[in-house]
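# Structure assessment
Chain residues, written in single-letter form:
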Amino acid sequence: MLELKGVTVTFDGTRAVDAVDLSVKDGDVLAVLGPSGCGKSTLLRAVAGLEPLVDGSIAWEGQDLAGTPTHRRGFALMFQDGQLFDHLTVARNVGYAQRLRGLSRAAVRAEVDDLLTLVGLEGYADRLPRTLSGGERQRVALARSLAARPRLLLLDEPLSALDAGLRGRLATDLRRILTESGTTALMVTHDQAEAFAVADRLAVMRAGKIVQEGATTQVWGAPVDGDTALFLGYSRVLEGAAAAALLDLAGAPVPPGAAVAVRSSAVQVGPGDGRGGVVRDFQLTPDGSRVVVAVDGVGDLAGVGAPGWAPVPGDVAAVRVDRRGLAVIPDAQAHR
Ligand code: ADP
Ligand code: MG
């Protein structure tokens, strides 16, 4: 188990990583999710032993790693641009660590074949990296990282360089691969979908600090404050009378003083009047449509349009809000 306590890294007196406490249990995958520049890579480099700590400690199985150099930590680090050896075949890239361990040719080949199967690249052994797509290159990089049999795999935005559709598919594969190989992993990313798809647990990082940590579904459904909600993909955070009006629309009880975060997927907009709004904007999206409606007492809300419905601005619409897509933030003061 990896355990970080009060980990702090500074650059010219500025705290890039600020008193971070985190732990990753054996076999777990933890994603640290935060915007660009919040200190994710620095945190990962500190765990790898590539950045000195000014305060705090990093331990593995209870043993402090302060005196352990990078190459003796038994961790592997994988970046967004896999960093393959371009002149070596896929098999030789993947088998690099085993050859260093002095395994026989046949043993290396057998392990490489297993790893290529694991990452879905059977038959690719003799290809050169430049003949591969971006997604295939990242699979090779992952197989190579796993070949070193790391006690801990550190992943720095492993899928960010890929286009959206491929990123989604590979995220699902990455989760399966980490689970099947029983790998303990710490991933950092700015991409919410990637974090949700890959990790069991999520830590939200902002300006060097961890602001929330928990099971992925728990963090997704109960962000700790307004900024975190917006970062996690909620479309708006409402307070006061607007929050009460929205909760009323959703048929949910109204705790006093609460702020409410709403996801656009919870707002269903269709033709008709009833409990309604006025369409402000309509847009087709790859998986349906997005409608912005002005709702009395609430203001503008983004929602999902009924299938086949194509309103124009000014049309009256019926609005339904699914309370399961709302998050009540108990202390409104926590918003900013
Ligand atoms: P992220 O990976 O979340 O985008 P980084 O960890 O790369 O963020 O950077 C966090 C902050 O530390 C940024 O403000 C960045 O400019 C700064 N920083 C990172 N590395 C260095 C360095 N080697 N020297 C000075 N400042 C750095
Ligand atoms: Mg980074």
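Residues numbered from 1 in each chain as written. Chains lettered and ligands numbered in written order. Predicted model: local features only at pLDDT ≥ 70, side-chain atom pairs only at ≥ 80, totals over all residues. Heavy atoms only, no water.

## A word on the sheet that holds strand 14 (residues 276-285)
Rule in force here: Strands were regarded as paired on the criterion that DSSP finds at least two bridges between them. The helix count covers DSSP runs of H or I at least four residues long, the strand count covers runs of E at least two residues long, and both are numbered beginning at the N terminus. Angles here are taken between N-to-C directions and fall from 0 to 180 degrees, while the axes themselves are lines fitted to C-alpha atoms, restricted in helices to the stretch in contact.
An order of 13-16-15-14-17 is seen for the 5 strands of this closed barrel, with the pairing classed as mixed. Within the sheet, the average angular offset between the axes of one strand and its neighbour, ignoring direction, is 50°. Note that strand 13 (residues 267-271) and strand 16 (residues 299-305) share 2 bridges and pair parallel. For Q268, the partnering residue across the bridge sits in strand 16 and is V304.

## Quick notes on the packing of helix 5 (residues 134-147) against helix 6 (residues 164-180)
Between two packed helices, both the angle of their axes relative to each other and the distance between the axes serve to describe the pair. As a reminder of what qualifies: Note that the term roughly parallel is reserved for angles under 35 degrees, roughly antiparallel for angles over 145, roughly perpendicular for angles of 65 to 115, and oblique for everything else. By convention, the crossing between two helices is left-handed when the near helix turns anticlockwise from the far helix through less than a right angle, and right-handed when the turn is clockwise. For this analysis, residues touch if any pair of their heavy atoms sits within 4.5 Å. In this count, Pro and Cys sit with the nonpolar residues alongside Ala, Val, Leu, Ile, Met, Phe, Trp and Tyr, while Asp, Glu, Lys and Arg are called charged and the others, Gly among them, polar.
Two elements in contact, helix 5 and helix 6, have axes separated by 11 Å at closest approach and are oriented at 20°. Considering their axes alone, helix 5 and helix 6 lie roughly parallel with respect to each other. Seen from above, helix 5 lies across helix 6 with right-handed handedness. Only L166, L170, D173, L174 and I177 of helix 6 make contact with helix 5, whose side of the interface consists of G135, Q138, R139, L142 and L146. Class assignment of the residues belonging to the contact of helix 5 with helix 6 gives a composition of 6 nonpolar, 2 polar and 2 charged.

## What to know about the site of ligand 1
This is how it is decided: The nearness test applies per residue and asks whether one of its heavy atoms lies within 4 Å of the molecule or strand. Counting of polar contacts relies on pairs of N or O atoms within 3.5 Å, with two restrictions inside protein: one atom must be capable of donating a hydrogen and the other of accepting it, and residues adjacent in sequence are counted only when both atoms are side-chain atoms. Calculation of accessible area relied on Shrake-Rupley with a 1.4 Å probe; when residues are assessed, cover is drawn exclusively from the protein chains displayed.
Lining the immediate environment of ligand 1, one finds F11, A16, P35, S36, G37, C38, G39, K40, S41 and T42. Backbone polar atom of S41 to an oxygen atom of ligand 1: 2.9 Å apart, as the coordinates give it. Look at ligand 1: alone it shows 560 Å² of surface, and the protein chains cover 53% of it. Here the element with the most residues in the shell around ligand 1 is helix 1 (residues 40-48); it accounts for 3 residues. When the residues that make up the shell around ligand 1 are grouped by side-chain class, the tally is 4 nonpolar, 5 polar and 1 charged.

## Observations regarding the sheet that holds strand 18 (residues 326-329)
Read across the sheet, 3 strands follow the order 11-12-18 without closing on themselves; strand pairing throughout is antiparallel. Among the strands making up the open sheet, the edge pair consists of strand 11 (236-238) and strand 18. Taking each pair of neighbouring strands and ignoring which way they run, the sheet shows an average axis angle of 25°. When strand 11 meets strand 12 (residues 259-262), the two strands line up antiparallel, connected through 3 bridges. In the strand pairing of strand 12, V237 is matched with A261. Across the face of the sheet, helix 10 (residues 240-249) comes into contact with strand 11, strand 12 and strand 18 while running at roughly 55° to strand 12.

## Regarding the domain arrangement of the chain
For clarity, the threshold we go by: In this entry, domain limits derive from an automatic or database-based domain assignment. Two parts placed together each lose some accessible area; with a 1.4 Å probe, that loss summed over both constitutes the buried area.
Each domain of the chain was delimited in the assignment, giving domain 1 (2-229) and domain 2 (233-335). Here the C-alpha centre of domain 2 lies 37 Å away from the C-alpha centre of domain 1. In this complex, domain 1 contributes 9 residues to the contact, which on the side of domain 2 involves 9 residues. The junction of domain 1 with domain 2 conceals about 740 Å² of combined surface from both sides, 55% of it contributed by carbon and sulfur atoms. The largest share of the area that domain 1 buries against domain 2 comes from W220, G226 and A229, three residues that together contribute 57% of it.

## Notes on the pattern of salt bridges
Note the following rule: Salt bridges are counted wherever a side-chain nitrogen of Lys or Arg sits within 4 Å of a carboxyl oxygen of Asp or Glu.
A full pass over the atoms with the stated rule returns 15 salt bridges. With its nearest N and O atoms 3.1 Å apart, the salt bridge here joins R175 to D200. Residue R175 is found in helix 6, and its partner D200 is found in the loop between helix 7 (192-198) and strand 9 (201-206); the two are separated by 25 residues along the sequence. The salt bridge partner of E180 is R176, with a shortest N-O separation of 3.3 Å. Taken as a pair, E180 and R176 lie in helix 6 at a separation of 4 residues, close to a single helical turn.

## Regarding helix 6
Operational definition: In this analysis, the expected span of each helix is defined as 1.5 Å times one less than the number of residues it contains. For each residue, the accessible area found with a 1.4 Å probe, counting protein chains only, is set against the maximum for its type, and the residue is called buried under 20%, exposed over 50%, and partly exposed in between. Note that the arc is defined by the directions from the helix axis to the C-beta atoms.
The terminal C-alpha atoms of helix 6, which comprises 17 residues, lie 24 Å apart, in line with the 24 Å expected from a rise of 1.5 Å per residue. Turning to helix 6, its buried residues are L170, A171, L174, I177 and L178. Take helix 6 and look down its axis: the buried residues cluster within an arc of 135°, on one side only. Away from its buried face by more than 90 degrees, helix 6 exposes R169, T172, T179 and E180. Looking at the buried side of helix 6, the elements it contacts are strand 3 (29-33), helix 4 (105-118), helix 5, strand 7 (152-156), strand 8 (185-189) and helix 7. Within two residues after helix 6, G182 carries a phi angle of roughly 65°, on the positive side.

## Observations regarding the pairing of strand 2 (residues 14-24)
The two faces of a sheet get side chains in turn, since along a regular strand they alternate between them. Where strand 1 (residues 2-11) lies against strand 2, 7 bridges are found, and the strand directions are antiparallel. From the neighbouring strand, T10 faces strand 2, where its bridge partner is R15. In this structure, the hairpin formed by strand 1 and strand 2 is closed by a connection of 2 residues, where D12 is found at a positive phi of approximately 50°.

## A few points about the side chain of T216
Take T216: it is sitting in helix 8 (residues 216-221). Under the relative-accessibility criterion, T216 is labelled buried at 9%. Among the polar contacts made by the side chain of T216, one reaches the main-chain amide nitrogen of R201 at a distance of 3.5 Å. Dropping the residues within four chain positions of it, T216 is found in contact with F196, A199, D200, R201 and L202.

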